[in-house]
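Residue-level listing of the chains:
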Amino acid sequence: MGARGRPEGMSDVEWLVALEEIRQLKARRDRYVDAHDWDGYESLHAPDHVSHHAPDHTFGGNETEWTSSVEVVKNLRAMAERSTTNNVHQSHGYEITFETPTKARGIWAMTGAHVGRHDDGTSEWEISFGYYYETYEKRDGEWLFTTRRWHRYVGMGSEQVIFPVESLKGTDGFSVFEA
């Protein structure tokens, strides 16, 4: 591995272009999920994308894994349709490391805000802080998400302060995807 998290043989220009393409991919992902643009959202993910959520209150304290881009969109859409909901994802402070010129890993700090009104008239709000651990591959000339793991470090909401059910061991949120 060369300097600045890039493989040997990847020029400065190739590296900078790839970094910007991944940064744009992430920006579109956050905007599409917040706007409930499910077709756009799915187009950013490889068909064999795997999304893993550490145990927290969102999924009843259970670890959740979705194993295709279709399953990801189906579940996110169902979650969004259970109530009138608005979300804002803000990803920042990224670290991107290239394994090859067409494979990379990214860690993004994330702040997420959610407000919702349920059919029974009750409402809720939540603000969460954590990290996304993601992998990307360039396929047919386009960078796509291939894996994602969300880990909430802390959150607060209309009901309570939200702590993660599991604490992340070290800073390697990728280990869940590795055998």
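Residues numbered from 1 in each chain as written. Predicted model: local features only at pLDDT ≥ 70, side-chain atom pairs only at ≥ 80, totals over all residues. Heavy atoms only, no water.

A few words now on helix α3 (residues 69-81). Here α3 contains 13 residues, and its C-alpha end-to-end distance of 18 Å stays within 8% of the 18 Å for a straight helix at 1.5 Å per residue. Here α3 has its buried residues at Ser69, Val72, Val73, Asn75, Leu76 and Ala80. The inward-facing, buried residues of α3 abut α1 (12-35), α2 (38-43), β1 (45-53), β2 (64-66) and β3 (84-100). (Helix = DSSP H or I, 4+ residues; strand = E, 2+ residues; numbered from the N terminus. Expected span 1.5 Å × (residues − 1). Buried < 20%, exposed > 50% of the residue type's maximum accessible area, 1.4 Å probe, protein only. Contact = heavy atoms within 4.5 Å.)

Our next topic: the confidence of the model for the protein chain. Residues at a pLDDT of 70 or more form 83% of the protein chain, whose mean pLDDT is 86. Ranking the helices and strands of the protein chain by mean pLDDT puts α2 first, with 97, and strand β7 (residues 161-162) last, with 78. (pLDDT = per-residue confidence, 0-100.)

As a further point, take the packing of aromatic side chains. The tally for this structure, following the rule as stated, stands at seven aromatic pairs. A centroid spacing of 6.3 Å and a plane angle of 80 degrees characterise the contact between tryptophan 38 and tyrosine 41, whose relative ring orientation is edge-to-face. Within this pair, tryptophan 38 and its partner tyrosine 41 are both found in helix α2, separated by three residues, close to a single helical turn. Residue tryptophan 38 is classed as buried on the basis of its relative accessible area, which comes to 10%. For the ring pair tyrosine 136 and phenylalanine 145, a centre distance of 5.6 Å and an interplane angle of 50 degrees mean the geometry is tilted. Classification of tyrosine 136 as buried rests on a relative accessible area of 1%. By relative accessible area, phenylalanine 145 is classed as buried at 0%. In this structure an aromatic cluster arises from ring pairing among Tyr131, Tyr133 and Tyr153. Over the aromatic face of tyrosine 132 sits the side chain of arginine 148, whose NZ or CZ is 6.0 Å from the ring centroid. Between the NZ or CZ atom of arginine 148 and the centre of the ring of phenylalanine 145, over which it lies, the distance is 4.5 Å. (Phe/Tyr/Trp six-rings, centres within 6.5 Å; stacked < 30°, edge-to-face > 60°. Lys NZ or Arg CZ within 6 Å of the ring centre and 35° of its normal.)

Our focus in this paragraph is the nonpolar core. By size, the foremost hydrophobic cluster in this structure holds 26 residues, and its most contacted members are Phe98, Tyr136 and Trp143. Among the elements of the structure, α1, α2, α3, β3, β4 (103-117), β5 (123-139) and β6 (142-157) are those that each provide at least two residues to this core. Considering every element that reaches this core, the biggest residue donor is α1, with seven residues. Excluding residues that lie within four positions of it along the chain, tyrosine 136 makes contacts with Ile22, Leu25, Thr102, Lys103, Ala104, Arg105, Gly106, Trp108, Trp143, Leu144, Phe145 and Thr146. (Core = buried A, V, L, I, M, F, W, Y, C linked by side-chain atoms within 4.5 Å.)

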